[in-house]
Amino acid sequence: MQMQPFYGKKKLAVLLVGPLIRVQLQPGIATTTTPEIHTNVDISFLDDIRSFCRQGRLMEALSILDIAEKPPLDSSTFVCLLLACIRKKAFLEGKRVHSYLKERRFSGDRFLQNALLNMYAQCGTVVDGRRVFDQMTDRDVFSWTVMIATYIRHGFPEEALILFDEMQRTGLQPNHFTFAGVISACTRLASLEKGMEIHEKIRETGFQCNIVVGNSLIDMYAKCGSMQQASEVFDKMRQRNVVSWTAMISGYAQNGLLDEALKLFNEMPQRDIVAWTAMITAYVQNGFVNKALELFNEMPQKNVVSWNAMIAGFAQNGCVEEALKLFQQMQMVGERPGSKTFASILPACASLSALEHGMEIHRKVISSGFQTDVFVMTALVDMYAQCGNIDEAGELFNKMHHRDLFSCNVMITGYAHNGLVCEAMKLFKEMPQRNIVSWNSIIAGFSKSERGEEALLLFKQMQLEGVKPDSKTFAIILPVCANLAALEQGMEIHERIVRSGLLSEITVSTSLVDMYAKCGSIQNARELFNKMDNPDIVSWNTILAAYAMHGCGKEALKLFEEMKHSGIDPDHVSFLHVLSACSHAGLVNEGYQYFDSMKEDYHITPAIEHYICIVDLLSRAGHLDEAQAFISKMPIEPDSVLWSCLLGACRTHHNIELGKCVAQRAIELDPNNPSPYVLLSNIYAAAGKWDDREKVRKMMEERGVKKIPGCSWIEINKRLHYFIVGDKSHPQM
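What comes next concerns the included structure.

1. Examining the overall build of the chain
Along its length, the chain carries 40 helices and 4 strands. For the chain, with 733 residues in total, the buried portion stands at 49%. Across the chain, the fraction of contacts at a sequence separation of at least 24, relative to all contacts at a separation of at least 6, is 60%. Of the roughly 36,200 Å² of accessible surface on the chain, a fraction of 50% belongs to carbon and sulfur atoms.

This is how it looks when you write it as structure tokens:
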């Protein structure tokens, strides 16, 4: 919709934050006063500024202000300039206009204040928008709606709902755009209860028949998993548009009801490109990429959105090479990539670590004029970071004229991915505002860098600052407790999860099972697993690993059979844990049977880890010759870990000659790994061959290979105490 400036009594259309919200300032939507026109004003002078603004020539409009000593301006001219800044996303220029207002001490009317707020809301940050909002002396429904939408757009849905409650306390009645905004906030929070509460207010105020509100409600109910309520809203709508139909189709697809989605698609009175694209997305979301491609090829017409959907579909389903081919095909047929195209294809390059493809697309971004687009530049930053070129990622990030919360979060994740947690922390501290994604990213960074204690401190600091952990936070922090064997802190987090109502989240409950198992509490792990409604393959694998880890081989095999009877097919990880369980329990025959079953019954090709399990199984049982024969028949080359596994058994069973040969193979494959040197040295020491032992030690010294000192720790009063061999720095030692 073309936005027109306000002249006298003309109407002004202003695009609000958010794809579904468009507000037109006219009677019945937002009450505003007609701008005051200053007397003794050179009308032609003002007309020039307005004309430049209408033509998109913002810099020329601003140059008039620079040239004139005392430019005669009225409220509507400032509004015109601010709207031009919004259209061009010109934040710095918008601040220039604001500075003119301050210099002339001209606050204007509510109409001008709303335009200023809208400029900061769409071009600046939440902090900028809130500062202007708080300074406004006369707010109307438009002012509140803009600020609510700003919070939602920048990833602060909770703050949006708080502001909505505050608005109602002032006595102002929300309009349909306000309701659409707060329903969107409920959608982002997956808060069905709050959404239903607002739905009741919508009924009370008579907006339930509004098509914008109805579409928002459908989307909210669908994304909260309540398709029955979404269907009720859809059925009661007096008018429906393509957004209504596609929201329902998408809702059915998101909830795994693909047949219902297809049925609704076929029932549509008219199917345009948007409807076709919605159905393509439905197939993609359920993993039917080939079906999506068939539908894509059947489309009577395609646009950049449909191309984007298909490219994103390939990328999200792991078909990254197909996504890259489709991207090239799109350009061959003359369709120009848009910002969302680049944002869809760049993650494909990142997942492939295809830096050359990514650099080629970067050049295309520049030639297409998207180098100032925050969305595209953020995708480029992410691509370079994921491909390991963190310097280029950092350089691009620093060159971005406007960095939003999302781009900062991506850069933090990039630093963490490349092991640069100090740089990630520095950026985290510099951020003007942070959301739950920011906290999750920095905590995950410290966790990945094996700095678990600091990750736990950040987790506590996050809560002190009033940020509530979500399911992703718990899925990140629980493995930290598991790796540190911090049972007491893990149990405290378990209590927090129960209070948060997130125990039913399968990723959270599975992480809890893993934490208890790795902290030695197999009973708690099993009790939690038994309470899970529908454990998936990851949950089953986690409890299998727990029993294998604790040496409960027979219990693990029993669980494995239960998993198969429940309808879950084992994957390569399941067999890895079962073979490990057989190894720890000395179940040689069973181990062979499961190894053969993996290949013959489930057509899973064994990886090196599966072969290591069989070698370990035979080695622990003392069948060293059989283990060596098994290795010689392997279809893949054994690695240093496999040889070290057999070498450990040679030490246990005092087989010096075999140990010497095996150690030589292991050292050849990984000369910097201290493990085979140490094992061979111990074999010689146990046999009293001190000269040979000394030769091995000297070899290590000459090659600069150092033995990693042993480390142990204990948790007392929620504090971890570390003890390293030879280190006497602990205060209580």
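2. Looking at a negative patch on the surface
Negative charge collects at one region of the surface, where Asp691, Glu694, Glu701 and Glu702 lie side by side. Tracing the backbone through its elements, the reader meets Asp691 in helix α40 (residues 690–703). You can call Asp691 exposed: its relative accessible area is 62%.

3. Regarding the packing of helix α23 (residues 405–417) against helix α25 (residues 436–448)
Contact geometry of α23 with α25 gives a least axis separation of 9 Å together with a crossing angle of 5°. The angle between α23 and α25 falls in the class roughly parallel. Together, Leu405, Asn409, Ile412, Thr413, Ala416 and His417 of α23 and Val437, Ser438, Ser441, Ile442, Gly445 and Lys448 of α25 make up the contact between the two elements. Its residues placed into classes, the contact of α23 with α25 shows 5 nonpolar, 6 polar and 1 charged.

4. Observations regarding the packing of aromatic side chains
A complete count under the given rule lists 18 aromatic pairs for this structure. Look at Phe164 and Phe179: their rings are 6.0 Å apart centre to centre, the planes differ by 65°, and that puts the pair in the edge-to-face class. Residue Phe164 is located in helix α8 (residues 157–169), and its partner Phe179 is located in helix α9 (residues 176–189); the two are separated by 15 residues in the primary sequence. Here Phe164 falls in the buried class, since its relative accessible area comes to 1%. With centroids separated by 5.6 Å and ring planes inclined at 85°, the aromatic side chains of Phe265 and Trp276 adopt a geometry described as edge-to-face. Taken together, the residues Phe265 in helix α14 (residues 258–267) and Trp276 in helix α15 (residues 273–285) connect sequence positions 11 residues apart. Note on Phe265: relative accessible area 3%, which makes it buried.

5. Side note on the environment of Phe327
Mapped onto the fold, Phe327 is located in helix α18 (residues 320–332). C-alpha of Phe327 to C-alpha of Ser344: the two residues are 17 residues apart in sequence and 9.7 Å apart in space.

6. A word on unusual backbone geometry
Positioned with a positive phi, Ala190 is a non-glycine residue whose angle comes to about 55°. Looking at where Ala190 falls in the secondary structure, it is placed in the loop between α9 and α10 (192–205). The phi dihedral of Glu450 is positive, around 60°, even though this residue is not glycine.

7. Structural notes on helix α26 (residues 452–464)
The end-to-end C-alpha distance of α26, which contains 13 residues, comes to 19 Å, matching closely the 18 Å that a straight helix rising 1.5 Å per residue would cover. For α26, every residue scored as buried is listed here: Gly452, Ala455, Leu456, Leu458, Phe459 and Met462. Viewed along the axis of α26, the buried residues span an arc of 160°, placing them on a single side of the element. In α26, those exposed residues whose orientation departs by more than 90 degrees from the buried face are Leu457 and Leu464. In this fold, the buried residues of α26 make contact with α24 (421–430), α25, α27 (471–484) and α28 (487–500). After α26 finishes, the residue Gly466 shows a positive phi value of roughly 85°.

8. Considerations on the environment of Ser231
Following the sequence through the fold, Ser231 ends up in helix α12 (residues 227–236). Expressed as a C-alpha distance, the spacing of Ser231 and Ile218, which sit 13 residues apart in the sequence, is 7.4 Å. Once you skip the residues sitting within four places of it in the chain, Ser231 turns out to touch Met248 and Tyr252.

9. A few points about α18
Look at α18: 19 Å from first C-alpha to last across 13 residues, which is about the 18 Å you get at 1.5 Å a residue. Burial in α18 covers these residues: Val320, Ala323, Leu324, Leu326, Phe327 and Met330. For α18, the angular spread of buried residues about the axis comes to 160°, placing them on one side. Opposite the buried face of α18, at more than 90 degrees from it, the exposed residues are Glu321, Lys325 and Met332. Positioned one or two residues after α18, Gly334 has a phi angle of 90°, which is positive.

10. What to know about the packing of α9 against α10
Viewed as axis vectors pointing N to C, α9 and α10 meet at an angle of 165°, and their least axial separation amounts to 9 Å. With respect to each other, α9 and α10 are oriented roughly antiparallel. In the crossing of α9 with α10, the sense of the turn from one axis to the other is left-handed. On α10, the residues touching Phe179, Val182, Ile183 and Cys186 of α9 are Lys194, Gly195, Ile198, Lys201, Ile202 and Thr205.

11. Details of the pattern of salt bridges
Side chains that differ in charge, positive against negative, can pair when their charged atoms come close. Per the counting criterion, the structure on display carries 18 salt bridges. Salt-bridge contacts for Lys194 lead to Glu197; the nearest nitrogen and oxygen are separated by 3.2 Å. Here Lys194 and its partner Glu197 are both found in helix α10, 3 residues apart, which amounts to about one turn of the helix. Here Lys194 falls in the buried class, since its relative accessible area comes to 17%. Given the relative accessible area of 38%, Glu197 is considered partly exposed.

12. Some remarks on the state of the cysteines
By the definition in use, this model includes 0 disulfides. Its sulfur unpaired, Cys645 is 8.4 Å from the next cysteine sulfur, which belongs to Cys613. We note that Cys661 lacks a disulfide partner, and the nearest cysteine sulfur, in Cys650, lies 9.0 Å from it. Classification of Cys661 by relative accessible area gives partly exposed; the value is 47%.

The rules behind these values
- Residues numbered from 1 in each chain as written.
- Predicted model: local features only at pLDDT ≥ 70, side-chain atom pairs only at ≥ 80, totals over all residues.
- Heavy atoms only, no water.
- Helix = DSSP H or I, 4+ residues; strand = E, 2+ residues; numbered from the N terminus.
- Buried < 20%, exposed > 50% of the residue type's maximum accessible area, 1.4 Å probe, protein only.
- Contact = heavy atoms within 4.5 Å.
- Areas by Shrake-Rupley, 256 points an atom, 1.4 Å probe, with all protein chains shown as cover.
- Patch = residues over 30% accessible without salt bridge, like charges linked within 9 Å, V, L, I, M, F, W, Y side chains within 5 Å.
- Salt bridge = Lys/Arg side-chain N within 4 Å of Asp/Glu carboxyl O.
- Lys, Arg positive; Asp, Glu negative; His and termini not counted.
- Charge placed at Lys NZ, Arg CZ, Asp CG, Glu CD.
- Axes fitted to C-alpha atoms, helices over the stretch in contact; angles between N-to-C directions.
- Parallel < 35°, antiparallel > 145°, perpendicular 65-115°, else oblique.
- Nonpolar A, V, L, I, M, F, W, Y, C, P; charged D, E, K, R; others polar.
- Phe/Tyr/Trp six-rings, centres within 6.5 Å; stacked < 30°, edge-to-face > 60°.
- Expected span 1.5 Å × (residues − 1).
- Arc of directions from axis to C-beta.
- Left-handed = near helix turned anticlockwise from the far one by under 90°.
- Disulfide = S-S within 2.5 Å.

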